[in-house]
Amino acid sequence: QVQLVESGGGLVQVGGPLRLSCAASGRTFSRYGMGWFRQAPGKEREFAAGIVWSGDYTVYADSVKGRFTISRDNAKNTVYLQMNSLKPEDTAVYYCAAGPPQRVGRRSDEYYYWGQGTQVTVSL
């Protein structure tokens, strides 16, 4: 079992930055690839970014590519999502998830464990 706790969400102005963190406890963090998903009101949960267990391969959704950066620190059991140039359409609840170690899944059903989510609101 892996417990995931997201933090760092909040209210930010358009164009501003925000960094999300996801702290893991339980089974060995480095055994898992990690993903960030988001869900806006009235919409389905969607993939935003993912990273393999070693940190040397990342994947991004087209909607965030060039603005978001996913990274991890296995010594701290933490994965991060640095979000820059935020847009109103980035407003959503952001979830981190633990999944297969050596590939990045884009579907929710490829991940085993989920955090409770953190709200990000981008205001005009």
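Residues numbered from 1 in each chain as written. Predicted model: local features only at pLDDT ≥ 70, side-chain atom pairs only at ≥ 80, totals over all residues. Heavy atoms only, no water.

Colleague: Any details on the overall build of the protein chain? Residues and values, ideally.
Modeller: Across its full length, the protein chain carries zero helices and 11 strands. For the C-alpha atoms alone, the extent of the protein chain along its principal axes is close to 40 × 25 × 25 Å. For the protein chain, restricting intrachain contacts to residue pairs at least 6 apart in sequence, the fraction spanning at least 24 positions comes to 60%. With the model as given, the accessible surface of the protein chain reaches about 6,300 Å², and the carbon-plus-sulfur share is 48%. Mean positive and mean negative side-chain charge positions of the protein chain (14 and 10 charges, respectively) differ by 4 Å. (Helix = DSSP H or I, 4+ residues; strand = E, 2+ residues; numbered from the N terminus. Contact = heavy atoms within 4.5 Å. Areas by Shrake-Rupley, 256 points an atom, 1.4 Å probe, with all protein chains shown as cover. Lys, Arg positive; Asp, Glu negative; His and termini not counted. Charge placed at Lys NZ, Arg CZ, Asp CG, Glu CD.)

Colleague: Can you break down the packing of aromatic side chains residue by residue, with the values?
Modeller: A ring pair, where both rings are aromatic, is described by two values, the distance of the centres and the angle of the planes. Tallying each qualifying case throughout the model produces eight aromatic pairs. Put simply, the rings of F37, F47, Y95, Y111 and W114 pair up and form one aromatic cluster. The ring of W114 is capped by R45, whose NZ or CZ atom sits 4.7 Å from the centre of that ring. Lying across the ring of F29, R72 places its NZ or CZ 4.4 Å from the centre. (Phe/Tyr/Trp six-rings, centres within 6.5 Å; stacked < 30°, edge-to-face > 60°. Lys NZ or Arg CZ within 6 Å of the ring centre and 35° of its normal.)

Colleague: I'd like a description of the pattern of salt bridges, backed by residues and values.
Modeller: Taken as a whole, this structure holds seven salt bridges when the rule is applied. The closest approach of N and O atoms between R38 and D90, which form a salt bridge, is 2.8 Å. Here D90 lies in the loop between β8 (78-83) and β9 (92-99) and R38 lies in strand β4 (residues 33-39), a separation of 52 residues in the sequence. On the basis of relative accessibility, which here comes to 6%, the residue R38 falls in the buried class. On the basis of relative accessibility, which here comes to 0%, the residue D90 falls in the buried class. A salt bridge links R67 to D90; the nearest nitrogen and oxygen atoms lie 2.7 Å apart. (Salt bridge = Lys/Arg side-chain N within 4 Å of Asp/Glu carboxyl O. Buried < 20%, exposed > 50% of the residue type's maximum accessible area, 1.4 Å probe, protein only.)

Colleague: A description of the environment of Q1 should follow, citing residues and the corresponding values.
Modeller: For Q1, the location among the structural elements is in the segment before β1 (2-7). Residue class for Q1 comes out exposed when judged on its relative accessible area of 55%. With sequence-adjacent residues up to four places away left out, Q1 is seen in contact with S25, G26, R27 and Y113.

Colleague: Could you give an account of the state of the cysteines, with specific residues and numbers?
Modeller: Counted under the stated rule, the structure contains one disulfide. Shown here is the disulfide that connects C22 with C96, its sulfur atoms set 1.9 Å apart. Here the disulfide of C22 and C96 is right-handed, its torsion about the S-S bond being about 45 degrees. Of this pair, C22 sits in strand β3 (residues 18-26) while C96 sits in strand β9; the two residues are 74 residues apart in sequence, bridging distant segments of the chain. Assigned by exposure class, C22 and C96 land together as buried. (Disulfide = S-S within 2.5 Å.)

Colleague: Go over the side chain of S21, please, and point to the residues and values.
Modeller: The residue S21 is located in strand β3 in this model. Apart from residues no more than four positions distant in its own chain, S21 is found in contact with V5, E6, S7, W36, T78, V79 and Y80.

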